[in-house]
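Each chain, letter by letter, is given below.
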Amino acid sequence: MLEDISQKLESALKKIRGQGKLSEKNISDSIREIRRVLLDADVNYKVAKDFIEKVSQKALGTDVLSSITPGQLITKIIYDELTELLGSSNQELKLNPNGPTIILVVGLQGSGKTTFCGKLAKKFLANGRKPLLVACDIYRPAAIQQLKILGEQVKVPVFSIEEKDARKIAKDSIQFAKEKNCDTIIIDTAGRLHVDEEMMVEVVDIKQIVNPTEILFVVDSMTGQDAVNSAKAFNDKVNFDGIVLTKLDGDSKGGCALSIRAVVGKPIKYSSNGEKLDSIEAFFPERLASRILGKGDVISLVEKAQANFDEDEATKLEEKLKKNKFDFDDFLRQIRMIKKMGSLSSLLSMMPGVGNNMKNANIDDKALVKVEAIISSMTMKERRDPKVLNGSRRLRIAKGSGTSIQDVNRLLKQFGEMQSMVKKMNQKGFFNNMLNNKKLNFN
Amino acid sequence: MNLLNKRRMKLFKNFNFDKLKTGLTKTRQKLFDKISETFTGKAVVDDELIDQVEEILVSSDIGIDLTDKIIDDAKKNFKDEKDRSPQVFINQLKKSLSKYVIGSQEKVVEFDSTKKPYVILIVGVNGAGKTTTIGKLALNYRKSGLKVLICAADTFRAAANEQLDVWAERAGVKIIMKGKNADPSSVAYESVQYAIDNNYDIVLIDTAGRLQTKTNLMEELNKLNRVVKKKLEHAPNETLLVIDGNTGQNGLQQAKEFSKFVNISGLIITKLDGTAKGGIVFQISSQIDVPIKYIGVGEGIEDLQDFDINQFVDAIFNK
Ligand SMILES: Nc1nc2c(ncn2[C@@H]2O[C@H](COP(=O)(O)OP(=O)(O)OP(=O)(O)O)[C@@H](O)[C@H]2O)c(=O)[nH]1
Ligand SMILES: Nc1nc2c(ncn2[C@@H]2O[C@H](COP(=O)(O)OP(=O)(O)O)[C@@H](O)[C@H]2O)c(=O)[nH]1
Ligand SMILES: [Mg+2]
Ligand SMILES: [Mg+2]
């Protein structure tokens with residue numbers, strides 16, 4: 001049925017065909033360049049390939065506003081999808097309502113776990129909670145001492161005991177927290193390689209012993225291609241809840257975050273951007289997306305072009321379409337707006353709720369001039385209710401607009417078809433469906 | 001002490017060669033199988049094969065630009081080969097890769113007995129493995145019969161002194177440290193003075209990790225370098241940049257920026273006992289023109305090896 005509708009719509013508007021659409025050909029250069037940008041930003045080889053392929057396949061056929069190029073548009077679309085992918089799903093740290101919140105911090109050596117634990121403790125304290133830091137890194141020289149110093153600095157107690165087994169420390173810390181009335185337990189663990197089986201067993205054991213509310217995987221933002229392997233291995237073993245991205249105060253692009261996000265599908269919950277204990281922030285997906293992709297100028301250019309398109313008008317139009325009240329007067333207003341900013345096809349594609357399905361309705365912008373003239377020659381009454389347009393009225397309009405009676409008849413026929421299609425679409429809940437389909441699924 | 005009079009010498013043996021091999025090869029197995037399959041029965045290097053090679057190289061953090069160059073290079077040479085077996089093409093790739101590590105063999109000077117104390121400054125970004133590497137180096141130098149002093153010039157990080165102190169004890173060498181937040185230059189200055197006064201052969205200076213974008217911290221490093229030089233004309237004799245083997249393309253930025261503030265004479269790549277390949281060092285070595293000296297293959301004090309270009313390149317392709 002849908003197929004039928006869009007075919008009809010296309011044939012109805014066949015005459016007026018445009019060419020400003022994203023095609024494999026007109027985006028190939030940009031796609032190639034973006035792929036290199038992603039690889040230079042340390043996005044994993046396979047992830048970059050997959051991501052670009054999926055996004056560009058979905059984007060094919062999208063109409064391009066006349067003020068921008070297909071390359072610019074695809075760049076913006078990729079940026080949007082990147083932001084979406086990096087930012088989707090909840091970023092809030094879970095808290096345990098029925099007992100102590102336990103946060104287990106894991107990751108490779110030197111990624112920034114211990115420092116992050118200190119920062120998190122400080123944050124919790126400021127939020128009125130009673131945190132406890134737990135020193136489970138019994139391997140790295142002076143790791144316990146490091147955490148103790150950080151604890152002192154943020155005025156949070158640190159639990160540590162002379163013990164050769166990190167499991168025991170983790171276990172005892174829970175009891176200790178109870179005694180000290182601490183409601184938030186942050187467990188710092190030793191850095192470990194994902195291929196170190198013994199050490200991976202240790203962290204799994206700790207998880208089982210303390211049953212953490214959240215497990216956070218800490219990653220150095222300078223990490224390269226191998227991030228997918230380590231993250232995946234950690235995730236397979238402990239099924240962590242979120243990612244912490246560190247050392248963002250440097251100039252690394254942070255593409256590893258995209259790799260990890262794509263491979264394990266877990267949200268990035270914090271970014272760490274300094275050695276000082278207040279250098280911790282919530283994660284902002286659009287910042288990281290533009291850090292990875294660069295091209296801020298292109299993105300703002302496209303944004304500007306898209307913003308020229310009047311959102312209010314679009315919403316009104318959508319409402320009218322939904323209520324089957326779209327008339328020639330609305331059509332005329334749309335046409336004038338389009339002339340201001342680009343092609344009709346791009347307008348249609350940008351209308352909320354119209355999206356992909358109407359993209360097949362190609363409209364030649366030059367034909368718009370004619371259409372505009374014809375509608376301008378109609379009275380208000382005629383525009384609202386085209387049924388009154390008898391032969392003599394049509395002739396008058398043709399003369400008034402400098403077109404032929406055939407032109408007028410064609411427009412009326414097309415408009416009639418469009419209206420009845422819109423009606424059918426509404427009956428089928430078409431617009432609602434399309435609204436829900438707007439977002440791309442990557443995983 | 002006859003040996004030590006030689007201008008150039010190799011002090012270290014490879015302790016844990018197997019560790020590098022197992023670490024570096026695990027994930028390669030699958031890819032290599034694929035390559036072999038593709039090669040089988042094919043006399044030409046087709047696009048699919050090139051894609052797979054590209055994947056291997058890029059996945060090793062070699063970088064897309066250098067990967068392209070290496071593949072082009074290998075393709076050209078492959079054309080002239082009579083034998084178009086997979087092994088020959090891989091050998092071509094290895095050969096062109098090796099060209100991007102500058103003459104490491106010739107440039108390695110591990111100790112020059114005419115310059116005493118021989119001062120080695122260790123620098124790098126946060127968490128790269130500097131302190132651990134100092135422990136490993138100290139042990140090796142001491143085992144070679146040299147008198148080694150460790151200088152704790154990371155006065156910033158929490159428990160940095162305590163950490164390095166443990167390593168000094170493990171290596172069985174003396175350490176000089178001051179209180180937290182002391183001026184790192186002054187610790188370095190005093191250490192060099194102490195080494196001169198007490199006839200030390202080697203001084204290893206640990207520094208705080210710093211991101212190359214932090215100008216003030218980079219200036220601090222530059223100052224330390226000047227202060228050391230002022231104390232001892234020929235020092236620091238070496239400045240080694242420690243690069244985490246997991247590092248991606250940012251590694252090149254690190255090397256370039258650090259070179260602006262200190263005179264980098266060599267690289268150490270750490271954490272190669274994992275699955276990361278450390279491929280960024282090809283760009284680093286060729287662009288800032290320094291050799292790779294050692295690799296870290298574990299957290300133990302003996303987990304340091306000489307860098308061997310053939311092993312390293314083999315590990316990228318080996319099954
Ligand atoms: N697996 C592995 N871990 C290593 C290696 N070298 C260092 N590490 C670990 O990496 C972490 C950081 O090492 P450090 O030596 O403290 O690094 P650093 O550069 O001095 O760090 P900062 O002083 O904090 O900047 C520690 O947990 C070390 O045990 C190595 O070759 N392999
Ligand atoms: N510049 C910077 N350094 C950081 C950040 N997080 C941690 N570090 C530093 O990175 C090094 C390793 O951190 P640490 O917390 O000990 O890592 P761990 O080995 O994972 O526990 C230390 O020098 C920290 O000061 C960050 O966000 N920015
Ligand atoms: Mg730690
Ligand atoms: Mg250190």
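**Student:** Before we move on, can you summarise the overall build of chain A with the specific residues and values?
**Tutor:** Scanning chain A from terminus to terminus reveals 21 helices and eight strands. For chain A, the residues scored as buried account for 45% of the 443 residues in total. When contacts within chain A are restricted to residue pairs at least 6 apart in sequence, long-range pairs at least 24 apart make up 79% of them.

**Student:** Hey, could you go over the packing of helix H5 (residues 86-98) of chain B against helix H13 (residues 309-317) of chain B for me, with residue numbers and the actual values?
**Tutor:** All names here are of chain B. At a minimum axis distance of 10 Å, the contact between H5 and H13 shows a crossing angle of 130°. Here H5 is positioned oblique relative to H13, judged by the angle of their axes. Where H5 crosses over H13, the two elements pack in a sense that is right-handed. From H5, Ile90, Lys94, Leu97 and Ser98 reach across to H13, where they touch Ile309, Val313 and Phe317. Its residues placed into classes, the contact of H5 with H13 shows five nonpolar, one polar and one charged.

**Student:** Lay out the site of ligand 1 in plain terms, naming residues and giving numbers.
**Tutor:** Close contacts around ligand 1 come from 25 residues, with A:Gln109, B:Gly129, B:Thr132, B:Gly209 and B:Gly296 the closest. Neighbouring residues of ligand 1 are not confined to a single chain but are spread across chains A and B. Top contributing element to the shell around ligand 1 by residue count: helix H7 (residues 130-143) of chain B, with three residues. The residue makeup of the shell around ligand 1, split by class, is four nonpolar, 13 polar and eight charged.

**Student:** Give me the lowdown on the domain arrangement of chain A, citing residues and values where you can.
**Tutor:** How big an interface is tends to be stated in terms of the accessible area lost upon association of its parts. Residue and element names in this part refer to chain A. Here the domain parsing of chain A yields domain 1 (23-88 + 295-304), domain 2 (101-282) and domain 3 (310-436). Relative to domain 2, the C-alpha centre of domain 1 lies at a distance of 34 Å. Listed by partner, the interface residues are eleven residues for domain 1 and 15 residues for domain 2. Only helix H3 (45-59) and helix H4 (70-87) provide two or more residues apiece to the side of domain 1 that touches domain 2. Tallied by class, residues from the side of domain 1 that touches domain 2 come to nine nonpolar, one polar and one charged.

**Student:** Go over the site of ligand 2 with me, naming the residues and quoting the values.
**Tutor:** Near ligand 2 lie 22 residues; those nearest to it are A:Gly112, A:Thr114, A:Thr115, B:Asn126 and B:Gly127. At the site occupied by ligand 2, the surrounding residues belong to chains A and B. Considering every element that reaches the shell around ligand 2, the biggest residue donor is helix H5 (residues 113-126) of chain A, with three residues. For the shell around ligand 2, the residue count by class is one nonpolar, 16 polar and five charged.

**Student:** Summarise the nonpolar core; cite the residues concerned and give the values.
**Tutor:** With 182 residues, the main nonpolar core has B:Ile150 and B:Leu204 as its most contacted residues. No other element matches H4(A), which puts seven residues into this core. Counting contributing residues, this core receives three or more from each of domain 1 (23-88 + 295-304) and domain 2 (101-282) of chain A. For B:Leu204, the residues in contact, after removing those within four places along its chain, are B:Ile120, B:Ile122, B:Ile134, B:Leu137, B:Ala138, B:Val148, B:Ile150 and B:Cys151.

**Student:** How would you summarise the sheet that holds strand E3 (residues 174-176) of chain B if you had to cite specific residues and measurements?
**Tutor:** Residue and element names in this part refer to chain B. Taken together, the eight strands give an open sheet; going across it, the order is E3-E2-E4-E1-E5-E6-E7-E8, and neighbouring strands pair in mixed fashion. Unpaired on one side and paired on the other, E3 and strand E8 (304-306) mark the two borders of the sheet. Strand after strand, the sheet turns through a mean of 25° between neighbouring axes, direction not considered. Packing against the sheet, helix H8 (residues 160-171) makes contact with strand E2 (148-153), E3 and strand E4 (202-207), and its axis sits at approximately 170° to E2. Those strands touched by helix H9 (residues 184-197) are strand E1 (118-124), E2, E3 and E4, and its axis lies near 165° from that of E2.

**Student:** Give me the interface of chain A and chain B: which residues, what numbers.
**Tutor:** Listed as interface residues are 32 residues of chain A and, on the opposing side, 35 residues of chain B. Counting residues per element, the ones that place at least two in the side of chain A that touches chain B are helix H2 (24-40) and helix H6 (143-154) of chain A. The element best represented in the side of chain A that touches chain B is H6(A), accounting for four residues. Considered class by class, the residues forming the side of chain A that touches chain B number eleven nonpolar, twelve polar and nine charged.

**Student:** Can you explain the pairing of strand E7 (residues 292-296) of chain B? Please cite residues and give values.
**Tutor:** Residues and elements named next belong to chain B. Most of E7 is tucked away, with five of its five residues classed as buried. Alignment of strand E6 (residues 266-270) against E7, held across three bridges, turns out to be parallel. Following the sheet pairing, Leu267 is matched in E7 by Ile292.

**Student:** Account for the pairing of E2(B), with residues named and values stated.
**Tutor:** Residue and element names in this part refer to chain B. A large share of E2 lies buried, amounting to six of its six residues. Of the two faces of E2, the one lined by Val148, Ile150 and Ala152 and the one lined by Leu149, Cys151 and Ala153 are each fully buried. As judged from the three bridges shared by E2 and E3, these two strands associate in the parallel manner. Within E3, the residue paired with Cys151 across the bridge is Ile176. With H8 bridging E2 and its parallel neighbour E3, the resulting β-α-β unit is right-handed.

**Student:** Tell me about the sheet that holds strand E8 (residues 280-282) of chain A, residues and numbers included.
**Tutor:** Residues and elements named next belong to chain A. Spatial strand order, E3-E2-E4-E1-E5-E6-E7-E8: eight strands in an open sheet with mixed pairing. Because the sheet does not close on itself, it has two edges, and the strands there are strand E3 (158-159) and E8. Pairing between strand E2 (residues 131-135) and strand E4 (residues 184-188): five bridges, direction parallel. By the bridge assignment for E4, Ala135 is matched with Asp188. Docked against the sheet, helix H8 (residues 197-210) engages strand E1 (101-107), E4 and strand E5 (214-220), running at close to 175° with respect to E1.

Rules of the game
- Residues numbered from 1 in each chain as written.
- Chains lettered and ligands numbered in written order.
- Predicted model: local features only at pLDDT ≥ 70, side-chain atom pairs only at ≥ 80, totals over all residues.
- Helix = DSSP H or I, 4+ residues; strand = E, 2+ residues; numbered from the N terminus.
- Buried ≥ 20, exposed ≤ 12 C-beta atoms within 10 Å, placed from the backbone.
- Contact = placed C-beta atoms within 7 Å.
- Axes fitted to C-alpha atoms, helices over the stretch in contact; angles between N-to-C directions.
- Parallel < 35°, antiparallel > 145°, perpendicular 65-115°, else oblique.
- Left-handed = near helix turned anticlockwise from the far one by under 90°.
- Nonpolar A, V, L, I, M, F, W, Y, C, P; charged D, E, K, R; others polar.
- Near = placed C-beta within 6 Å.
- Domains from an automatic or database assignment.
- Core = buried A, V, L, I, M, F, W, Y, C linked by C-beta atoms within 7 Å.
- Pairing = 2+ DSSP bridges.
- Right-handed = clockwise from strand over helix to strand, strands pointing away.

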